[in-house]
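# Results of the structural survey
Next come the chains, spelled out residue by residue.
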Amino acid sequence: MDWSQSLRLIAPEETLSIAGLVLLLVAAWSGDKASRLISILAVAALVAAAFLVAPALCAGAMGPETSAFFGQFRADAFASFAKILIYLSAAASLVIAPAFFERFKAMRAEYPVLVLFAALGMGIMVSAGDLVTLYIGLEMNSLAAYVLAAFLRPDDRSAEAGLKYFVLGALASGILLFGMSLIYGFTGTVSFTGINAALAGGLSHGALFGVVFILVGLAFKVSAVPFHMWTPDVYEGAPTPVTTFFATAPKVAALGLTMRVMLDAFGDQAAAWQQIVVFIALASIVVGALGAIGQSNIKRLMAYSSINNVGFILIGLAVATPQGASAMLVYLAIYVAMTLGGFVAVLMLKDENGAFVENIPSLAGLSRTRPALALGLAMIMFSLAGIPPLFGFWGKFVVFQAAVQADFIALAALGIAASVIGAFYYIKIVKIMYFDEPADVVKGESDIWHKIILVACVVFISPLGYLLAKWLGGLADVAAASLFFAL
Amino acid sequence: MIHVFAFYLFAVLTVGSGAITILSRNPVHSVLWLILAFFNAAGLMVLVGAEFIAMLLVIVYVGAVAVLFLFVVMMLNIDFAELRAGFIKNFPLGVLVAVVLLAEMVLGIGAYRAGAMELGTPDGIGATPAGMTNIEAIGALLYGRYLFLFEAAGIILLIAMIGAIVLTLRQRSDVRGQNIGKQISRRPQDATRNVNPEVGKGVTL
């Protein structure tokens with residue numbers, strides 16, 4: 001192993017950690033006055049890191065030259081694809097934050113620093129080449145996330161969200177670690193390639209327990225049913241920009257990590273875990289769809305929507321083929337745009353005093369009071385429901401196509417049937433906005449940055465997005481190929 | 001022979017004190033049993049020849065973490081007078097525990113002198129390089145092969161520190177801090193005033 005090559009491969013991580021440390025010093029000396037400057041610099045660092053990882057994706061990097069530090073870290077096209085999504089959504093959650101926190105006089109200089117470190121941890125997660133890297137990346141992201149969830153200190157709900165997330169997250173980490181120790185005990189190695197080679201003769205019962213525990217820990221992190229109970233409470237209680245962050249970047253990171261572990265380390269043993277993933281995927285789709293129906297808080301509704309979407313993404317994992325992995329990546333990219341747009345639209349719902357409106361009946365008649373916002377939100381809801389002219393349909397289409405190609409026809413049919421249930425509550429929001437008597441609650445002015453991001457997301461998910469479909473699919477294919485190359 | 005005897009002693013005491021830790025109704029007793037469990041785990045580590053990990057267990061867990069636990073437990077509302085009540089009655093038991101601990105130490109050292117237990121031969125990167133002590137081997141791995149993860153773990157600790165400060169530090173507006181520059185630059189003529197009070201009358205301040 002060549003140290004200089006390894007250090008070159010982790011350039012984005014170096015950029016983010018140095019930026020984080022320097023900005024932490026700036027925060028310590030200038031205090032909260034400098035939070036706007038620190039936010040701008042943090043966004044610049046995230047965008048710079050995204051540019052640093054882009055060449056590996058465009059060149060389709062794979063194979064031994066992408067592996068750093070004795071295979072503990074992989075900087076291949078798959079990691080680059082996920083990192084670009086992570087860095088951009090982290091940057092977006094920094095851009096939308098000041099307008100929210102300033103209303104509570106709670107904008108603090110540590111917010112961008114914590115988001116930077118969380119993004120660093122997520123980058124390490126999707127680049128993990130062994131179980132220890134996996135755990136360290138995961139904990140780096142989770143610790144920052146616990147603090148971010150409780151960031152709005154005067155608000156009790158925020159403290160509750162932070163505490164709940166911390167306790168359940170620590171439990172899930174414990175389960176994950178237990179699974180990892182079983183796998184280490186039965187294979188004698190922590191590296192994914194080593195585990196794959198050691199398990200080539202078949203999976204012993206002990207190792208199978210290890211796989212199950214690892215899957216449980218990861219299912220908690222991606223909030224898949226039956227480990228989803230924390231999601232609505234945390235998403236509702238956390239400050240909205242933080243919820244935006246939780247619903248986008250960590251989802252990409254945790255799903256990318258799950259793909260790496262399952263397809264790299266246990267790829268040859270797919271038959272052993274496929275039925276678990278099939279169950280988790282279908283249960284997430286159904287519970288996510290049914291749970292959302294009774295919600296009256298739009299953040300809780302979006303939380304169930306993310307559970308539902310994770311189910312669709314996991315269908316791509318269940319088929320365990322390169323097409324499935326590629327479909328997952330395409331879906332993830334579209335999901336990030338839809339969720340980002342959805343939460344930014346929620347941030348733009350303010351009453352005349354500028355207080356944030358979260359309750360769904362207050363949206364009644366939004367099409368007459370704020371037609372542009374209502375149109376944007378309606379398009380995002382239609383897209384989340386997977387209604388054809390919008391780009392959200394394409395994500396579901398590629399996932400189901402991968403399932404059908406791999407002969408998982410029953411899975412695809414059940415998924416399509418369950419997506420109809422999901423469409424109900426998305427369309428209910430549209431109906432409330434367009435056909436109910438105006439409630440005249442949402443009147444406040446929106447921040448210019450919120451408008452820009454909402455417009456960008458809506459253009460991406462509009463039928464114009466299909467112009468990108470071929471390009472996005474090509475990149476996802478390259479990324480999936482690099483994931484399977486390691487086998 | 002001494003190995004097998006020491007192993008069963010340490011193992012039984014670890015499991016037993018671990019069980020009592022969670023079964024005990026008194027939190028102070030729980031922590032004390034936990035310390036005993038850590039001690040015996042350290043003994044097991046000595047037996048397999050991992051003396052560095054044994055030392056870490058004693059220093060980090062028994063020394064720091066358990067004492068920290070004890071402080072936290074003492075902040076709970078516990079009636080210490082009631083705890084002390086049975087001192088004379090339980091004195092023989094205390095002596096017995098002390099003797100067991102002493103015997104354990106003697107056994108542990110004896111077993112260590114007799115050489116480590118062979119629990120399978122480590123291979124690959126798991127094997128200790130020839131001519132290296134445990135500490136050297138751990139150091140070489142930690143600062144060499146696993147340097148990246150070591151540094152990343154450092155960042156995690158930093159995040160934990162930032163988080164603790166962000167969540168607990170409150171800027172109070174009613175605290176008047178010391179301004180050293182202002183204090184030093186204050187001159188006597190600004191601060192003192194000569195008055196010549198008349199007899200029988202007070203001074204206006």
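Sequence order as written defines the numbering, with residues in each chain counted from 1. Throughout, the order in which chains and ligands are written sets their labels, letters from A for the former and numbers from 1 for the latter. Local features in this predicted model are restricted to residues of pLDDT 70 or higher, and side-chain atom pairs are both shown and tallied only at a pLDDT of 80 or more, whereas totals for entire chains, interfaces and linings draw on every residue. Calculation of side-chain values draws on the structure's entire complement of heavy atoms; hydrogens and water are dropped beforehand.

### A look at the UniProt feature "domain: NADH:quinone oxidoreductase/Mrp antiporter transmembrane" (unreviewed entry) in chain A
Let me state the cut-off plainly: UniProt positions are given in the numbering used here, feature names are shortened, and annotations may be inferred rather than shown by experiment. Numbering of helices and strands runs from the N terminus, with a helix taken as a DSSP run of H or I at least four residues long and a strand as a DSSP run of E at least two residues long.
Residues annotated by UniProt as "domain: NADH:quinone oxidoreductase/Mrp antiporter transmembrane" (unreviewed entry) correspond here to residues 128-422 of chain A. When the span residues 128-422 of chain A is considered, its composition is 77% helix and 0% strand, and the gap between its end C-alpha atoms is 34 Å.

### A look at the pattern of salt bridges
All names here are of chain A. Basically, it comes down to this: Every case where a carboxyl oxygen of Asp or Glu lies within 4 Å of a side-chain nitrogen of Lys or Arg is listed as a salt bridge. Burial classes: relative accessible area under 20% of the type maximum marks a residue as buried, over 50% as exposed, and values in between as partly exposed (1.4 Å probe, protein chains only).
Counted under the stated rule, the structure contains 14 salt bridges over all chains. Close ionic contact of Glu13 with Lys83 constitutes a salt bridge, the shortest N to O distance being 3.0 Å. Taken together, the residues Glu13 in helix α2 (residues 11-30) and Lys83 in helix α4 (residues 77-95) connect sequence positions 70 residues apart. For the pair formed by Glu13 and Lys83, the shared burial category is buried. Salt-bridge contacts for Arg157 lead to Glu358; the nearest nitrogen and oxygen are separated by 3.7 Å. Of this pair, Arg157 sits in helix α8 (residues 156-187) while Glu358 sits in the loop between α15 (322-347) and α16 (366-369), and the two are 201 residues apart along the sequence. The exposure class assigned to Arg157 is partly exposed, which follows from its relative accessible area of 34%. The network of salt bridges with shared partners includes Arg157, Glu160, Lys164, Asp233, Glu236, Lys299, Arg300 and Glu358.

### Quick notes on a nonpolar patch on the surface
Convention followed: Candidate patch residues must exceed 30% relative accessible area and have no salt bridge, after which like charges are joined if within 9 Å and Val, Leu, Ile, Met, Phe, Trp or Tyr side chains if within 5 Å. Note on areas: Shrake-Rupley, 1.4 Å probe, and residue coverage restricted to the protein chains presented here.
Taken together, the side chains of Met55(B), Leu56(B), Ile59(B), Val60(B), Tyr61(B) and Ile135(B) present a nonpolar region at the surface, about 530 Å² in accessible area. Residue classification places Tyr61(B) among the partly exposed positions, given a relative accessible area of 36%.

### Here we look at the UniProt feature "transmembrane region" (unreviewed entry) in chain B
Residues and elements named next belong to chain B. Under the UniProt annotation, the feature "transmembrane region" (unreviewed entry) is placed at residues 6-24, 31-50, 56-78, 90-112 and 146-169. Across residues 31-50 one finds 85% helix and 0% strand; the C-alpha atoms that close the span lie 25 Å apart. For residues 90-112, the helix share is 100%, the strand share is 0%, and the end-to-end C-alpha distance is 33 Å.

### Observations regarding the side chain of Arg260(A)
Residues and elements named next belong to chain A. Note the following rule: Whether two residues are in contact is decided by their heavy atoms, any of which lying within 4.5 Å being enough.
For Arg260, the position within the fold is in helix α12 (residues 240-265). Taking relative accessible area as the criterion, Arg260 reaches 0% and is therefore assigned buried. If sequence neighbours within four positions are ignored, Arg260 has contacts with Arg74, Asp76, Phe78, Ala79, Val126, Ser127, Ala128, Phe192, Ala265 and Leu483.

### Focus: helix α17 (residues 371-385) of chain A
Residue and element names in this part refer to chain A. Stated formally: Here a helix's expected span is defined as the number of its residues, less one, multiplied by 1.5 Å.
Between its first and last C-alpha, α17 extends 21 Å over 15 residues, near the 21 Å set by a 1.5 Å rise per residue. A large share of α17 lies buried, amounting to eleven of its 15 residues. At its buried positions, α17 is contacted by α14 (298-319), α15, α16, α18 (392-405), α19 (409-435) and α20 (448-461). Phi turns positive one or two residues past the end of α17, at Gly386, with a value near 80°.

### Here's the deal with the interface of chain B and chain A
One frequent convention defines the size of an interface as the accessible area lost when the parts assemble. Selection rule: Once two parts are brought into contact, the accessible area they lose, counted with a 1.4 Å probe and summed over both, makes up the buried area. All residues other than Ala, Val, Leu, Ile, Met, Phe, Trp, Tyr, Cys, Pro, Asp, Glu, Lys and Arg, Gly among them, are scored as polar; the first ten of these are nonpolar and the last four charged.
Contacts between the two partners involve 20 residues from chain B, matched on the other side by 27 residues from chain A. When residues of chain B are sorted by the area they lose upon contact with chain A, Phe148(B), Ile159(B) and Val166(B) head the list and together hold 31% of the total. Joining chain B to chain A, the criterion identifies zero salt bridges. For the side of chain B that touches chain A, the elements supplying multiple residues, two or more each, are α6 (134-145) and α7 (147-168) of chain B. For the side of chain B that touches chain A, the element with the highest residue contribution is α7(B), accounting for 15 residues. Per-class residue counts for the side of chain B that touches chain A are 15 nonpolar, three polar and two charged.

### Describing the nonpolar core
Keep this limit in mind: By nonpolar core we mean a set of buried residues, namely Ala, Val, Leu, Ile, Met, Phe, Trp, Tyr and Cys, connected to one another through side-chain atoms within 4.5 Å.
Ranked by internal contacts, the top residues of the largest apolar core, which has 210 residues, are Phe81(A), Phe101(A), Tyr111(A), Ile214(A), Phe246(A), Phe266(A) and Trp273(A). Beyond its immediate chain neighbours, meaning those up to four positions away, Phe246(A) contacts Ala145(A), Ala149(A), Tyr165(A), Val234(A), Tyr235(A), Ala238(A) and Lys251(A). Of all hydrophobic cores here, the second largest spans twelve residues; its members include Ile35(B), Ala54(B), Val62(B) and Ala66(B).

### Considering unusual backbone geometry
All names here are of chain A. Look at the link from Val225 to Pro226: it is a cis peptide, with omega at 5°. Take Pro226: it is sitting in the loop between α10 (205-221) and α11 (230-237). The phi torsion at Lys105 lies on the positive side, around 50°, for a residue other than glycine. Tracing the chain through its elements places Lys105 in the loop between α5 (97-103) and α6 (110-126). Lys105 sits in the exposed class, given a relative accessible area of 76%. The backbone of Ala320 shows a phi angle near 55°, a positive value even though the residue is not glycine. With respect to the secondary-structure elements, Ala320 resides in the loop between α14 and α15.

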